[in-house]
Amino acid sequence: MTSTPSTTRPFHPADLGTLVVMAWSGEAPDGGDMPYLLAYCLGDGPGGPEATSEAVARLLADKGLPVGGDLVDGNVTSNVPAGLLVEAGQAVLTLPPLNAQCPAPPEWLAAVGERGYAYLVFTTRPWPEAAPGRPIEPEALVAFAGAEETLTAAAHVVLPARSLRV
């Protein structure tokens, strides 16, 4: 009997469990406001947190988004497999076969309107404490999103913002 190594298993969206996307803005090195998107899972997939992390890593690898690697800049290359739609106060992240939507605060909307893009951090590190509907203190967001373990376990992507308006 043979088995398929986990690195070649096909991706199943259910393996992710709950996927969360959060929009916030913060000061960038250039002094302006940077619109950020943080995508993470709660670790509540059928195989638990470790399997959830592996599923996120598999999804990102399948899409050619390096975890812990180089920045993928959608302003420079046209073959970024992810997209960002900003409409009606919402940020919609697409990474086929996934779509995730989150409310965007006014300062994020202003920053993305000024820059024309957002900086996505899609991490393989679960964050079970930050479930939808639970308030998140700004300090907790900074601690998680800025942690070395989060950043090195993430794909970093600059996503041009699109809207339905013409």
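Our structure's up above, just so we're on the same page.
Reading the values: rules and limits
Residues numbered from 1 in each chain as written. Predicted model: local features only at pLDDT ≥ 70, side-chain atom pairs only at ≥ 80, totals over all residues. Heavy atoms only, no water. Phe/Tyr/Trp six-rings, centres within 6.5 Å; stacked < 30°, edge-to-face > 60°. Buried < 20%, exposed > 50% of the residue type's maximum accessible area, 1.4 Å probe, protein only. Helix = DSSP H or I, 4+ residues; strand = E, 2+ residues; numbered from the N terminus. Pairing = 2+ DSSP bridges. Salt bridge = Lys/Arg side-chain N within 4 Å of Asp/Glu carboxyl O.

Asker: When you look at the packing of aromatic side chains in this model, what are you seeing that I'm missing?
Answerer: Remark: the centre distance and the inter-plane angle together describe each pair of aromatic rings, the angle taken between the planes. Counted according to the given criterion, the structure contains five aromatic pairs. Here the aromatic cluster, defined as three or more aromatic residues joined through ring pairs, consists of Trp-24, Tyr-36 and Tyr-119.

Asker: Looking at this model, I keep getting lost on the pairing of strand E2 (residues 33–41). Mind explaining?
Answerer: Two faces make up the sheet, and in a regular strand the side chains alternate between them. For E2, the buried fraction is high: eight of the nine residues fall into the buried class. One ladder, built from nine bridges, connects strand E1 (residues 19–27) with E2; its direction is antiparallel. Counterpart to Ser-25 in the pairing with E2 is Pro-35. Counting the residues that bridge the hairpin from E1 to E2 gives five residues, and of these Gly-31 lies at a positive phi of roughly 90 degrees.

Asker: Please explain the pattern of salt bridges as it appears in this structure.
Answerer: It is possible for side chains bearing opposite charge to pair when their charged atoms get close. For the structure on display, the rule yields three salt bridges. Glu-149 is the salt-bridge partner of Arg-125, the closest N and O atoms lying 4.0 Å from each other. With Arg-125 in the loop between strand E7 (117–123) and helix H3 (138–145) and Glu-149 in helix H4 (residues 148–152), this residue pair connects regions lying 24 residues apart in the sequence. Residue classification places Arg-125 among the partly exposed positions, given a relative accessible area of 26%.

Asker: Before we go on, may I ask you to explain the pairing of strand E5 (residues 90–95) in this structure?
Answerer: Bridge count for strand E4 (residues 83–87) against E5 is five bridges, and the pairing is antiparallel. Its bridge partner lying in E5, Gly-83 is registered against Thr-94. Between E4 and E5, which follow one another and run antiparallel, lie two residues, and Ala-88 among them has a positive phi close to 50 degrees. In terms of strand pairing, E5 meets strand E6 (residues 98–103) through six bridges, oriented antiparallel. Looking at the pairing, Thr-94 lines up with Asn-99 of E6. Hairpin geometry of E5 and E6 is characterised by an intervening segment of two residues between the two adjacent antiparallel strands.

Function cannot be read off these values alone, since they describe shape.
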